[in-house]
Structure formats: structure tokens, C-alpha cells
Amino acid sequence: MSKKILILNGSPRPNGNTSALIEAFTKGAEEAGNSVTTFLLDRMDIHGCKGCWQGGKNPDHPCVQRDDMDKIYPVYRQADVVVLASPLYYWTLSGQLRTAFDRLFAVAECDPEYRNPQKAGVLLMAAEGNGFEESVYYYSRLMQHIKWKDLGQILVGGVTQPGDIQGNEGLQRAYDLGKSIQ
């Protein structure tokens, strides 16, 4: 059975190493019969969460703020799998990705018990170094707290400049992970 996959690309580089991981993952996922929608968050107008606890009143527009999250919410609600894709910034996920993901809480506010929609998650990351520990810790705890199933993590270090990832076995692992989703 095909899955609907949402990819939140937290990289500011549309042709960077994180995007190359996304392309490989997407190719595998689509070949497996899945549909994939990707949002390049850096090119979107997304404001930070205000912590107002006023969301959830309108499922079509769960947050009180009106910005480009309104493009993401309907795809998110329908998605079976959410891919968090990011370069490693100060040993964790990029601000672009964290800002968008924080805003997804408005969807949880639509539930009287503040339950997040049940989904599966994937983490794709590229970095200059190999210090992924804090990112993996955050992601693993996030999956546990929101009760999502972790389908896998592809972490590729040693890739600084756009294109450095070409020929890296991480691209094949990303493709294989995408292909495994059914």
C-alpha cells in the first residue's frame, strides 16, 4: 500500500548536500509507489510559534497565524511519514526546520487531549563533521514523546560544500530507505 510522505527540508541550499539526500530518498520512495511532497522551508514565510495556546479551533487553519504553514498543514494531516531533513547546525537541526516543526503543534491542539496525529518519521542529515549525537538524541526523544515510529536515520558527515556528497554511500542508503517504505 502506497504511503504519503512529507519532507520538510530545513536546508537553505536548494542544491546542497541535504537536498541530494532528499533526492535519493525521494527517488526510492517514488519507485516503491509512494507519493512525496517536499517543502523547502528556507524559501517560505514561516513565523515562530507564539506559544499562545489558541490554535486548534479551525482544522483547516489550525494556527492563528497566517503564513506559509497553511500550505504545509493539509499535506501534514494527510501524510503517513514525515521526513525531517536538515544540515547539522550547531550540533542540531536547523532553525528553519525547528521553527516549522514547532508550528505543527497547532494540529495537535485540534485534539482535546493534544495528541499528535500518528505518523512515522525519518531523519536525513548532512554535515561537515560527524557530531550527530545531539541531533539523534533530540530526534529519538521527539519520536518517543509524540509516539511516532522511527523508520530510519541517514547521517552523512564530511560533506561541507554543495556537491561534496556525490559518490557518498549515504546517497544509496537514503535511496534504499525511501524504497523500503511501503
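Residues numbered from 1 in each chain as written. Predicted model: local features only at pLDDT ≥ 70, side-chain atom pairs only at ≥ 80, totals over all residues. Heavy atoms only, no water.

Teacher, can you tell me more about the overall build of the chain here?
Across its full length, the chain carries 6 helices and 5 strands. For the chain, the α and β elements follow one another from N to C terminus as β-α-β-α-β-α-α-β-α-β-α. Rg of the C-alpha trace for the chain: 16 Å, near the compact-globule value of 16 Å for 182 residues, within the 12% margin. Taking all 182 residues of the chain together, 49% fall into the buried category. (Helix = DSSP H or I, 4+ residues; strand = E, 2+ residues; numbered from the N terminus. Rg over C-alpha atoms; globule rule 2.2 N^0.38 Å. Buried < 20%, exposed > 50% of the residue type's maximum accessible area, 1.4 Å probe, protein only.)

I keep staring at the pairing of strand 5 (residues 149-156) and nothing clicks. Help me out?
In the case of a regular strand, side chains alternate between the two sheet surfaces. Of the pairings in the sheet, the one linking strand 4 (residues 120-126) to strand 5 comprises 7 bridges and is parallel in character. The partner of Leu123 across the bridge, within strand 5, is Gln153. The β-α-β motif built from strand 4, the intervening helix 5 (residues 133-145) and the parallel element strand 5 has right-handed crossover chirality. (Pairing = 2+ DSSP bridges. Right-handed = clockwise from strand over helix to strand, strands pointing away.)

What is the right way to look at the sheet that holds strand 5 in this model?
Two strands in a sheet stick together by hydrogen bonds in their backbones, pointing the same way (parallel) or opposite ways (antiparallel). Strand order in the open sheet formed by 5 strands is 2-1-3-4-5, and the pairing between neighbours is parallel. Only two strands of the sheet have a single neighbouring strand rather than two, namely strand 2 (35-40) and strand 5. Along the sheet, successive strands turn relative to each other by an average axial angle of 15°, direction set aside. With 7 bridges joining them, strand 3 (residues 81-87) and strand 4 adopt parallel strand pairing. Looking at the pairing, Ser86 lines up with Met125 of strand 4. Set on the sheet, helix 5 makes contact with strand 3, strand 4 and strand 5; between it and strand 5 the angle comes to about 170°. (Axes fitted to C-alpha atoms, helices over the stretch in contact; angles between N-to-C directions. Contact = heavy atoms within 4.5 Å.)

Just checking my understanding: could you explain the pattern of salt bridges for this structure?
It is possible for side chains bearing opposite charge to pair when their charged atoms get close. This structure, assessed with the given rule, holds 6 salt bridges. The salt bridge partner of Lys71 is Asp68, with a shortest N-O separation of 3.4 Å. Residue Asp68 is classed as buried on the basis of its relative accessible area of 17%. The residue Asp111 makes a salt bridge to Arg115 at a minimum N-O spacing of 3.1 Å. By relative accessible area, Asp111 is classed as buried at 18%. (Salt bridge = Lys/Arg side-chain N within 4 Å of Asp/Glu carboxyl O.)

Sorry, what's going on with the packing of aromatic side chains here?
Geometry of an aromatic ring pair is reported as the spacing of the ring centres plus the angle between the planes. Scanning the entire structure with this criterion turns up 6 aromatic pairs. Judged by centre distance (6.1 Å) and plane angle (10°), the ring pair of Phe105 and Tyr114 falls under stacked. Through a chain of ring-to-ring contacts, the aromatic side chains of Trp53, Phe105 and Tyr114 assemble into a single cluster. Its end group placed over the ring of Tyr76, Lys119 keeps NZ or CZ at 5.1 Å from the ring centre. (Phe/Tyr/Trp six-rings, centres within 6.5 Å; stacked < 30°, edge-to-face > 60°. Lys NZ or Arg CZ within 6 Å of the ring centre and 35° of its normal.)

Please clarify how unusual backbone geometry should be interpreted in this entry.
Keep in mind that most residues, glycine aside, have a negative phi and that most peptide bonds are trans. A positive phi angle is found at Tyr90, which is not glycine, with a value near 45°. Assignment of secondary structure puts Tyr90 in the loop between strand 3 and helix 3 (95-103). A positive phi angle, near 60°, is found at Tyr114, a position not held by glycine. Along the polypeptide, Tyr114 turns up in the loop between helix 4 (105-108) and strand 4.

It is not clear to me how the side chain of Ser94 should be interpreted in this structure. Could you clarify?
Its place among the elements puts Ser94 in the loop between strand 3 and helix 3. Taking relative accessible area as the criterion, Ser94 reaches 0% and is therefore assigned buried. A distance of 2.6 Å separates a polar side-chain atom of Ser94 from the backbone oxygen of Gly10. If near-sequence neighbours (up to four positions away) are discounted, Ser94 is found in contact with Gly10, Ser86, Pro87 and Tyr89. (Polar contact = N/O pair within 3.5 Å; in protein donor to acceptor, adjacent residues only side chain to side chain.)

Got a minute to help me understand helix 3 in this structure?
What sets the pattern is the α-helix's 3.6 residues per turn: residues three or four places apart point alike. Along helix 3, the residues classified as buried are Leu97, Ala100, Phe101 and Arg103. The buried residues of helix 3 occupy one face: seen down the axis, they fall within an arc of 160°. Where the residues of helix 3 are buried, they touch strand 1 (4-9), helix 2 (69-78), strand 3, helix 4 and helix 5. (Arc of directions from axis to C-beta.)

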